[in-house]
Amino acid sequence: MGLAVSLEVRPARSEDAPAIAAVHILTWQVAYRGLIADEVLDGLDVEDREARWRRTFADGDYDCWVAVEDDLVVGFISVGSYRGDEPWGEVYAIYVHPDWWGAGAGPQLW
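Thresholds applied
Residues numbered from 1 in each chain as written. Predicted model: local features only at pLDDT ≥ 70, side-chain atom pairs only at ≥ 80, totals over all residues. Heavy atoms only, no water. Salt bridge = Lys/Arg side-chain N within 4 Å of Asp/Glu carboxyl O. Helix = DSSP H or I, 4+ residues; strand = E, 2+ residues; numbered from the N terminus. Buried < 20%, exposed > 50% of the residue type's maximum accessible area, 1.4 Å probe, protein only. Phe/Tyr/Trp six-rings, centres within 6.5 Å; stacked < 30°, edge-to-face > 60°. Contact = heavy atoms within 4.5 Å. Pairing = 2+ DSSP bridges. Axes fitted to C-alpha atoms, helices over the stretch in contact; angles between N-to-C directions.

### Overview of the pattern of salt bridges
Under the counting rule described, the total for this entry stands at six salt bridges. The salt bridge partner of Glu50 is Arg54, with a shortest N-O separation of 3.0 Å. With Glu50 and Arg54 both in helix 3 (residues 46-59) and four residues apart, this pair spans about one turn of that helix. Exposure remark for Glu50: the relative accessible area of 19% places this residue in the buried category. The exposure class assigned to Arg54 is partly exposed, which follows from its relative accessible area of 37%. Each of Arg33, Asp38 and Asp42 takes part in salt bridges that share partners, so that together they form one network.

Next up, the structure:
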């Protein structure tokens, strides 16, 4: 694990979709093990999640930013308009690769 001070936070690009999907799935599998059935977590599909992210980038419905060290995506945050009736913004997701938990990537994304 690298030091959080070396992280770059930048807008996500469509070519980041595979890395974002991998972080998304692995984080679920580690964080929710014991809370969600193993067969559900083990059945999560990185290729399916990558396809969803590619659609998200193509649609432009909301913004996504990534935390990167040496071209390695270690986390992401997705934000957009509040889905309720108020004119606010909303954080839809924030995930950091388990190897980077506690290294400061989450606050930097926030």
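### Considerations on the packing of aromatic side chains
What the rule picks out here adds up to five aromatic pairs. Each ring, one from Tyr62 and one from Tyr92, has its centre 4.8 Å from the other, and the planes form 75°; the classification is edge-to-face. Here Tyr62 is found in the loop between helix 3 and strand 2 (63-69), whereas its partner Tyr92 is found in strand 4 (residues 89-96), with 30 residues between them in sequence. An aromatic cluster of three or more residues is present, and its members are Trp53, Phe57, Phe76 and Tyr95.

### As for the environment of Ile77
By the secondary structure assignment, Ile77 is in strand 3 (residues 72-81). Judged by relative accessible area, which is 4%, Ile77 ranks as buried. Expressed as a C-alpha distance, the spacing of Ile77 and Gly106, which sit 29 residues apart in the sequence, is 8.5 Å. Setting aside chain neighbours within four positions, we find Ile77 in contact with Asp63, Cys64, Trp65, Val91, Ala93, Ile94, Leu109 and Trp110.

### Focus: the sheet that holds strand 1 (residues 8-11)
Taken in spatial order, the four strands of this open sheet run 1-2-3-4, and their pairing is antiparallel. The open sheet has two edge strands with one neighbour each: strand 1 and strand 4. Between one strand and the next, the sheet's axes are offset by a mean angle of 20°, whatever the strand orientation. Of the strand pairs in this sheet, strand 2 and strand 3 are connected by seven bridges, and their pairing is antiparallel. Residue pairing in the sheet places Val68 in a bridge with Val73 of strand 3.

### Focus: unusual backbone geometry
Most peptide bonds take the trans form, and the phi angle of most residues other than glycine is negative. The phi dihedral of Asp70 falls on the positive side, at around 50°, and the residue is not glycine. Assignment of secondary structure puts Asp70 in the loop between strand 2 and strand 3. Classification of Asp70 as exposed rests on a relative accessible area of 72%. With a phi close to 70°, Asp71 is a non-glycine residue in the positive phi region. Counting through the fold element by element, Asp71 comes out in the loop between strand 2 and strand 3. Judged by relative accessible area, which is 78%, Asp71 ranks as exposed.

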